[in-house]
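Geometric and topological summary
Single-letter residue listing:
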Amino acid sequence: MAKSWKEWEKPLLEIDEALEKAREIAKKCSPTEQVAAEERIAYFEQRRDNIIRVMYSRLGPWEKVLVARAETRPYALDYITTLFTDFVELGGDRRFGDDHAIVGGTAMFQGKPVIVVGQQKGRNIQDRQYRNFAMAKPEGYRKAIRLFEMADRFRLPIVSFVDTPAADPGVESESRGISEAIAASILKMFELNVPSVAVIIGEGGSGGAIGIAAANKVLMLEHSVYSVIPPEGCAAILWRQPAEGAKAAAALQLTAQSALDRGLIDEVLPEPFGGAHRDWETVTKTVGNAIEASLHTLDSLSPADLREQRYAKFRAMGRVAEAAPSA
Amino acid sequence: MLGKKKATGLDGSFVQCLGCKKTLFRREFEENLFVCQMCGHHHRLSWRQRAEITFDEGSFSEADAGLRSVDTLEFPEYREKLESAIAKTGINDSVVSGRATLDGVPVSTAIADFSFMGGSMGSVAGEKITRTLERAATDRIPAIVFCASGGARMQEGLLSLMQMAKTTAAVAKCREAGAPYIAVFTDPTMAGVLASYASVADVILAEPKSLVGFAGARVAAQAQVMKVPDDFQKAEFALRSGMIDKVVERRAMRSTLSSLVRVLIGGSR
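Residues numbered from 1 in each chain as written. Chains lettered and ligands numbered in written order. Predicted model: local features only at pLDDT ≥ 70, side-chain atom pairs only at ≥ 80, totals over all residues. Heavy atoms only, no water.

**Focus: the overall build of chain B**
Tallying secondary structure elements over chain B gives nine helices and twelve strands in all. Relative to the compact-globule value of 18 Å for 269 residues, chain B shows a C-alpha radius of gyration of 18 Å, a close match. If one aligns the C-alpha atoms of chain B with their principal axes, the spans along those axes are about 50 × 45 × 45 Å. Look at the contacts in chain B between residues 6 or more apart in sequence, and 68% of them connect residues 24 or more apart. Surface accessibility of chain B: about 10,700 Å² in total, with carbon and sulfur atoms responsible for 51%. Of note, chain B has its 34 positive side-chain charges centred 3 Å away from the centre of its 30 negative side-chain charges. (Helix = DSSP H or I, 4+ residues; strand = E, 2+ residues; numbered from the N terminus. Rg over C-alpha atoms; globule rule 2.2 N^0.38 Å. Contact = heavy atoms within 4.5 Å. Areas by Shrake-Rupley, 256 points an atom, 1.4 Å probe, with all protein chains shown as cover. Lys, Arg positive; Asp, Glu negative; His and termini not counted. Charge placed at Lys NZ, Arg CZ, Asp CG, Glu CD.)

**Some words on the pairing of strand E10 (residues 203–206) of chain B**
Residues and elements named next belong to chain B. The two faces of E10 match: Val203 and Leu205 on one face and Ile204 and Ala206 on the other face are all buried. One ladder, built from two bridges, connects E10 with strand E12 (residues 246–247); its direction is parallel. Note that in E12 the partner of Ala206 across the bridge is Val247. (Buried < 20%, exposed > 50% of the residue type's maximum accessible area, 1.4 Å probe, protein only. Pairing = 2+ DSSP bridges.)

**Things to note about the packing of helix H4 (residues 61–68) of chain A against helix H12 (residues 245–252) of chain A**
Residue and element names in this part refer to chain A. Where H4 meets H12, the axes come as close as 7 Å, and the angle between the chain directions of the two elements is 105°. Between H4 and H12, the angle is such that the two are roughly perpendicular. Of the residues in H12, those in contact with Pro61, Trp62 and Val65 of H4 are Gly245, Ala246, Ala249 and Ala250. (Axes fitted to C-alpha atoms, helices over the stretch in contact; angles between N-to-C directions. Parallel < 35°, antiparallel > 145°, perpendicular 65-115°, else oblique.)

**Side note on the domain arrangement of chain A**
Residue and element names in this part refer to chain A. Each assigned domain of chain A is listed here: domain 1 (5–58) and domain 2 (66–315). Domain 1 and domain 2 are separated by 35 Å when their C-alpha centres are compared. Between domain 1 and domain 2, the contact holds ten residues from the first and eleven residues from the second. Here domain 1 and domain 2 share an interface that buries about 910 Å² over both sides, 67% of which is from carbon and sulfur atoms. It is Trp5, Ile52 and Tyr56 that lose the most area in domain 1 upon contact with domain 2, and together they represent 66% of the buried surface on that side. Taking the shortest distance from any N to any O, the salt bridge between Arg278 and Glu9 comes out at 2.9 Å. For the pair domain 1 and domain 2, the interface holds six residue pairs in polar contact (both at pLDDT 80 or more). Those elements giving two or more residues to the side of domain 1 that touches domain 2 turn out to be helix H1 (5–8), helix H2 (10–28) and helix H3 (31–57). Per-element tally for the side of domain 1 that touches domain 2: the top contributor is H3, with four residues. Along the lines of polarity and charge, the residues of the side of domain 1 that touches domain 2 split into five nonpolar, no polar and five charged. (Domains from an automatic or database assignment. Buried area = accessible area lost by both parts, 1.4 Å probe. Salt bridge = Lys/Arg side-chain N within 4 Å of Asp/Glu carboxyl O. Polar contact = N/O pair within 3.5 Å; in protein donor to acceptor, adjacent residues only side chain to side chain. Nonpolar A, V, L, I, M, F, W, Y, C, P; charged D, E, K, R; others polar.)

**Remarks on the domain arrangement of chain B**
Residue and element names in this part refer to chain B. According to the domain assignment, chain B contains domain 1 (1–43) and domain 2 (44–266). Inter-centroid distance (C-alpha atoms) of domain 1 to domain 2 is 24 Å. Across the domain 1-domain 2 interface, the total number found is zero salt bridges. Seen at the junction of domain 1 and domain 2, the total is five residue pairs in polar contact (both at pLDDT 80 or more).

**Quick notes on the interface of chain B and chain A**
Contact residues are listed per partner, giving 59 residues for chain B and 51 residues for chain A. When chain B packs against chain A, close to 4,600 Å² is buried across both sides, 71% of that on carbon and sulfur atoms. Together, Met154, Leu158 and Phe214 of chain B form the three largest contributors to the area buried by chain B at its contact with chain A, with a combined 15%. Inspection of the chain B/chain A interface yields four salt bridges. Across the salt bridge formed by Arg131 of chain B and Glu322 of chain A, the nearest N and O atoms sit 3.0 Å from each other. Counting across the chain B and chain A interface gives 13 residue pairs in polar contact (both at pLDDT 80 or more). At the level of secondary structure, the elements contributing two or more residues to the side of chain B that touches chain A comprise strand E5 (67–69), helix H4 (123–139), helix H5 (158–177), strand E11 (212–213) and helix H7 (217–222) of chain B.

**Some remarks on helix H7 (residues 138–153) of chain A**
Given a rise of 1.5 Å per residue, 16 residues ought to cover 22 Å, and the 23 Å separating the end C-alpha atoms of H7 of chain A matches this to within 8%. In the segment just after H7 of chain A, Arg155 of chain A is the residue with positive phi, at about 55°. (Expected span 1.5 Å × (residues − 1).)

**Focus: the pairing of strand E3 (residues 112–119) of chain A**
Residue and element names in this part refer to chain A. Within E3, six of the eight residues are buried, leaving the element largely enclosed by the surrounding structure. The sheet contact formed by strand E2 (residues 102–109) and E3 spans eight bridges and is antiparallel. From the neighbouring strand, Met108 faces E3, where its bridge partner is Pro113. Hairpin connection from E2 to E3: two residues lie between these consecutive antiparallel strands, with Gln110 at a positive phi of about 50°. Direction of pairing for E3 relative to strand E4 (residues 158–164): parallel, over a ladder of four bridges. Paired with Val117 across the bridge in E4 is Ser160.

**Points about the pattern of salt bridges**
All names here are of chain A. The tally for this structure, following the rule as stated, stands at 38 salt bridges over all chains. The residue Asp266 makes a salt bridge to Lys313 at a minimum N-O spacing of 2.6 Å. Note that Asp266 is positioned in the loop between helix H13 (256–261) and strand E8 (267–269) and Lys313 in helix H15 (residues 303–315), a separation of 47 residues in sequence. On the accessibility criterion, Asp266 (29% relative accessible area) is partly exposed.

**Some remarks on the environment of Ser120 of chain B**
Residue and element names in this part refer to chain B. Mapped onto the fold, Ser120 is located in the loop between strand E7 (105–112) and H4. By relative accessible area, Ser120 is classed as buried at 8%. For Ser120 and Gly192, which are 72 residues apart along the polypeptide, the C-alpha to C-alpha distance reads 8.9 Å. Residues contacting Ser120, with those up to four places away along its chain left out, are Asp93, Ser94, Ala125, Ser149, Gly151, Ala152 and Arg153. Polar contacts involving the side chain of Ser120 include one to the main-chain carbonyl oxygen of Met117, which spans 2.9 Å.

**A look at the state of the cysteines**
Chemically, a disulfide is nothing more than a covalent bond linking the sulfur atoms of two cysteines. Evaluation of the coordinates by the stated rule reveals zero disulfides over all chains. The closest cysteine sulfur to the non-disulfide-bonded Cys36 of chain B is located on Cys17 of chain B, 3.6 Å from its own sulfur. (Disulfide = S-S within 2.5 Å.)

Rendered as structure tokens:
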């Protein structure tokens, strides 16, 4: 069992490297060698596609966890800067500080004003620390609440991007009320009079995720995951074996398809061949079109209808058996 | 019946306190509402004991008793765990909901029982909390919820996470209707329960030294180089941090709730 995305995609990463080298050689070689060089590139490309086909045709729950965590996957700001114009990042919770794990601000989406919020991961060590691995602290959720309230005030639709392993569990977060901040953010989302769309683009990590995902429409990328607990944590509790993450991932059924089948999300967005990280352009287009379509369907709903649609949708979540109470 | 944290019975007339390990007269211990007379340790209560010491005598009537969990994921050992919890506790899931009166004031209430799978919240607990808050909203009566939970029930996967959203949405209904909602944190009130309906009550009370926290203490400590305070994730820490209104001894809980409820409904009548 591979423990990381890099380990799992090793065969692919190796061939990517070989391909890169072949392309460099092709650039430098003489015209007589050109045909051979191009054949070589074509060979590698075909080989790569075959490997992708094999690996991605049978992505299990654990492999989805690894792909959802891929370091080359587009992050919230990648979508925001491509799909939105006039983005002005706003900061601070006006109470304690500014959290870099949650970003947000005003923007235009296809010419229409919106509020956008997202959990942001870092791509290198420094950046990851700056973003606290996308694990938001209370001030992050309170910044989101501030932005949600502003959206309500100015009648702006909300788009949120969900991508977090979990909310920050540290002592500081605890003392500033991380639980209250998450709960208050969920509550605020239910009180909104404007349309909201949440897109799970990578990791939908438990309370940290639902804190900005109680939306009228919840969309989920094909290889992203959404879970009540990280699989490693689940394995540690159940079998005292964090290494049994794969077993736990299977038991938790944390895939987009499973969430859709159980009516917990509204739509699964297909990822390009070989995953979102292999083709940013296509996946960004898919996400943009889905947001547009969702906002369009919500456009006709009145504020009361929007609140009611949200309530009814989440109210129906849960599977219980109800027998007549025994006398 | 004291759940897992049972004050261990020596023989019929004595019990040993789980806090100070001293030997206590069972009768005095029970008269003191299962609080140790020596060290003040508040032992965990079953839902029934809680109902008995809180509401007007005989006023509690259970609703939603027919609700049962469904093993939709066919999660390893979930069915067995449910069956043994039902057999052990005599209740169908970790929350018992219903109606009662408190000094004559009708209330909608839910009481979590930690001895049922650690009070964990799956679909049934989520549904009962939601119905409790909805009943309060519809009838414009106070909701009183006693929390005791390790968090969301992982055996129901994402369904359990969604109970956080569902129950919190019901709090919005209470606010809209002007129905007061009081949460009482008892030992322990953690994770998915704390980060949803529990933390957005109008008033939050807690029993002394109850564990109140988001992540397990070990996870929290690991994530930090900072020194962890001695009372970290205890009710008193939550009080100091401004996260709850008051730490209330069990003996004073009933009268405190009664005072709160009479004032909070005052404006709406």
